[in-house]
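# Understanding the architecture of this molecule
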Protein chains: 2
Amino acid sequence: MSKIDTRAVLIDEGLKALLSHGYEGAGIGPILKSAGVPKGSFYHFFASKEEFASAVVGSYTEGNQTVRTQLLTDESKSPLQRLRAYFEYHEQVYASENPIGGCLLGNLAQSIAVHSDVLRQELHRAFAAWQRDFQQVLREAREQGELPSHLDPDETAAFLIDAYEGALVRMKTEGSIAPLQRFKTMAFDGLLKNHA
Amino acid sequence: MSKIDTRAVLIDEGLKALLSHGYEGAGIGPILKSAGVPKGSFYHFFASKEEFASAVVGSYTEGNQTVRTQLLTDESKSPLQRLRAYFEYHEQVYASENPIGGCLLGNLAQSIAVHSDVLRQELHRAFAAWQRDFQQVLREAREQGELPSHLDPDETAAFLIDAYEGALVRMKTEGSIAPLQRFKTMAFDGLLKNHA
């Protein structure tokens, strides 16, 4: 493998391990074995497990950003239709996973955020970027009269992310995407709909 | 220590360790050291780490049940006022913790639910009991005309738990209870309020 390939494979295996075992449960040894990479090679790319996990979060965030940009700026749909398409896309992704992986950000928030400033800041950045994209689409919804007038677009953006993270936690407990479907119904038919 | 005290101390230290490190990061050795209990004594009470963690979840659930019963059946308040009191109580609890501990259920859901049927079922039971109590209070809110008519009490109960779990995840990332305050505002002034 080229250096670029090796790094990408390590990050890919790291993502799987972190999603499955959390930060403290994800061992570097098994990750290297799955990746078919010798130990010395790992430390060529990453100074520590913390730095490795930060790189995994960075790559994960980058992938999510690409999906968000594509789905949330699709001008053929109204702002709230775009937001719905975002959740429907991820529902399909999670439904196809076996076992269900869940969200790396929520996973690491539970297991490592308290112990590592580096990772906490990386998670903070990832959530902030996600929130900015939701704010943007909800501000557009407000401008187009699609958002109920009692909702603040920015607070709503943050709340939807939190509520969705919780649905993902419940999904892991239930081993089913039913909590994601409930989230969608409550968010779009309950909170975001004009009932006046 | 008596046998009852030893078991209680182990469970108490186990709770702290699980909240701080997740299932795979919580070592039995450090737990025994904090508890001042010899290794043989641990295996007198618990056959395995899995069984120990189940007992911790059981004790945690019991404590939560007591708080819920007290706050959610307080007839001096309306159903939605009781629900608000529930969240305000926990906001104070989390605000007083340093470092912020978060919710054991959400924590274990991320780290172990996929790997242990025993723990997944224990978590499922804990969430189900919580949800039944919220359903009860929201059905009362519906009967008393306090719940907006487009909301189903049972689905709303489940959604509020999910959304709250997500706010707790975000709280751990931010190291602040601001997400809990946002949850309260969005739930009570957004979702649960009649805007008609």
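Residues numbered from 1 in each chain as written. Chains lettered and ligands numbered in written order. Predicted model: local features only at pLDDT ≥ 70, side-chain atom pairs only at ≥ 80, totals over all residues. Heavy atoms only, no water.

The subject of this paragraph is the domain arrangement of chain A. Residue and element names in this part refer to chain A. Once the domains are mapped, chain A shows domain 1 (1–46) and domain 2 (54–191). Here the C-alpha centre of domain 2 lies 26 Å away from the C-alpha centre of domain 1. Contacts between domain 1 and domain 2 engage ten residues on the former and 15 residues on the latter. Between domain 1 and domain 2, the buried area comes to about 940 Å², and carbon and sulfur atoms account for 75% of it. Of all residues in domain 1, the largest losses of buried area upon contact with domain 2 belong to Ile11, Leu19 and Tyr23, amounting jointly to 55% of the total for that side. Inspection of the region where domain 1 meets domain 2 yields zero salt bridges. The interface formed by domain 1 and domain 2 includes three residue pairs in polar contact (both at pLDDT 80 or more). Among the residues making up the side of domain 1 that touches domain 2, the classes are represented as six nonpolar, two polar and two charged. (Domains from an automatic or database assignment. Contact = heavy atoms within 4.5 Å. Buried area = accessible area lost by both parts, 1.4 Å probe. Salt bridge = Lys/Arg side-chain N within 4 Å of Asp/Glu carboxyl O. Polar contact = N/O pair within 3.5 Å; in protein donor to acceptor, adjacent residues only side chain to side chain. Nonpolar A, V, L, I, M, F, W, Y, C, P; charged D, E, K, R; others polar.)

Here we come to the environment of glutamate 75 of chain B. All names here are of chain B. Locating glutamate 75 in the fold gives a position in the loop between helix H4 (49–72) and helix H5 (79–96). The class of glutamate 75 is exposed, set by a relative accessible area of 64%. Spatially, the C-alpha atom of glutamate 75 lies 33 Å from that of alanine 8, the residues being 67 residues apart in sequence. (Helix = DSSP H or I, 4+ residues; strand = E, 2+ residues; numbered from the N terminus. Buried < 20%, exposed > 50% of the residue type's maximum accessible area, 1.4 Å probe, protein only.)

The next point concerns the relation of the copies chain B and chain A. Rotating chain B by 180° and moving it 0.0 Å along the rotation axis overlays it on chain A with an RMSD of 0.0 Å. Taken together, the rotation angle and the small translation identify this as a two-fold axis. The share of interface residues of chain B whose copies in chain A are also at the interface is 100%, consistent with both copies meeting through the same surface. (Least-squares fit on C-alpha atoms with pLDDT ≥ 70 in both.)

Residue and element names in this part refer to chain B. Direction vectors running N to C along H5 and helix H9 (residues 178–191) enclose 175°, while the axes themselves pass 10 Å from each other. Looking at the two axes, H5 sits roughly antiparallel to H9. For the pair formed by H5 and H9, the contact residues are Leu80, Leu83, Arg84, Phe87, Glu88, Glu91 and Tyr94 on the first element and Leu180, Gln181, Phe183, Lys184, Phe188 and Asp189 on the second. Looking at the contact of H5 with H9 residue by residue, the classes come out as seven nonpolar, one polar and five charged. (Axes fitted to C-alpha atoms, helices over the stretch in contact; angles between N-to-C directions. Parallel < 35°, antiparallel > 145°, perpendicular 65-115°, else oblique.)

Moving on, we get to the packing of H4 of chain B against helix H6 (residues 104–111) of chain B. All names here are of chain B. Here H4 crosses H6 at 150°, and the two axes come no closer than 11 Å. Here H4 is positioned roughly antiparallel relative to H6, judged by the angle of their axes. The element H4 and its partner H6 pack so that their crossing is left-handed. From H4, Val56, Val57 and Tyr60 reach across to H6, where they touch Leu104, Leu105 and Leu108. Looking at the contact of H4 with H6, its residues break down into six nonpolar, no polar and no charged. (Left-handed = near helix turned anticlockwise from the far one by under 90°.)

All names here are of chain A. Its location among the elements puts serine 59 in helix H4 (residues 49–72). When its relative accessible area of 34% is taken as the criterion, serine 59 is described as partly exposed. Along the sequence, serine 59 and alanine 8 sit 51 residues apart, while their C-alpha atoms lie 9.2 Å from each other.

What follows is about the nonpolar core. Leu83 and Phe134 of chain A together with Leu83 and Phe134 of chain B are the most contacted members of the largest nonpolar core, which totals 126 residues. Ignoring sequence-local partners within four residues, the contact set of phenylalanine 134 of chain A consists of Leu72, Leu83, Tyr86, Phe87, Ala157, Leu160 and Ile161 of chain A. (Core = buried A, V, L, I, M, F, W, Y, C linked by side-chain atoms within 4.5 Å.)

Residues and elements named next belong to chain A. Compared with an ideal rise of 1.5 Å per residue, which puts 23 residues at 33 Å, helix H1 (residues 3–25) spans 27 Å between its outermost C-alpha atoms and falls more than 12% short. Remark: the principal bend of H1, roughly 85°, maps to leucine 19. For H1, every residue scored as buried is listed here: Thr6, Leu10, Ile11, Glu13, Gly14, Ala17, Leu18, Leu19, Gly22 and Tyr23. Put simply, serine 2 is the residue that caps the front of H1, since its side-chain oxygen is 3.1 Å from the backbone nitrogen of aspartate 5. (Expected span 1.5 Å × (residues − 1). Bend = angle between axes of the 7 residues up to and from the residue.)

Now for the packing of aromatic side chains. Tallying each qualifying case throughout the model produces 33 aromatic pairs over all chains. A ring pair is formed by phenylalanine 159 of chain A and phenylalanine 159 of chain B, whose centres lie 6.5 Å apart and whose planes are at 70°; its orientation type is edge-to-face. Taken as a pair, phenylalanine 159 of chain A in helix H8 (residues 153–174) and phenylalanine 159 of chain B in helix H8 (residues 153–174) lie in two separate chains rather than in one. Assigned by exposure class, phenylalanine 159 of chain A and phenylalanine 159 of chain B land together as buried. Above the ring of phenylalanine 188 of chain A, the side-chain terminus of arginine 84 of chain A is found at 4.8 Å from the ring centroid. (Phe/Tyr/Trp six-rings, centres within 6.5 Å; stacked < 30°, edge-to-face > 60°. Lys NZ or Arg CZ within 6 Å of the ring centre and 35° of its normal.)

So, about the pattern of salt bridges. All names here are of chain A. One pass over the structure, following the stated rule, counts 28 salt bridges over all chains. In this structure, aspartate 133 engages arginine 68 in a salt bridge whose closest nitrogen and oxygen atoms are separated by 2.7 Å. On the criterion of sequence distance, the pair formed by aspartate 133 in helix H7 (residues 117–143) and arginine 68 in helix H4 is long-range, its members being 65 residues apart. What makes aspartate 133 partly exposed here is its relative accessible area of 21%. The buried category is assigned to arginine 68, whose relative accessible area is 3%. Across the salt bridge formed by glutamate 91 and lysine 184, the nearest N and O atoms sit 3.2 Å from each other. Residue glutamate 91 is found in helix H5 (residues 79–96), and its partner lysine 184 is found in helix H9 (residues 178–191); the two are separated by 93 residues along the sequence. The exposure class assigned to lysine 184 is buried, which follows from its relative accessible area of 13%. Overlapping salt bridges, with partners in common, bring together Arg84, Glu88, Glu91, Lys184 and Asp189 in one network.

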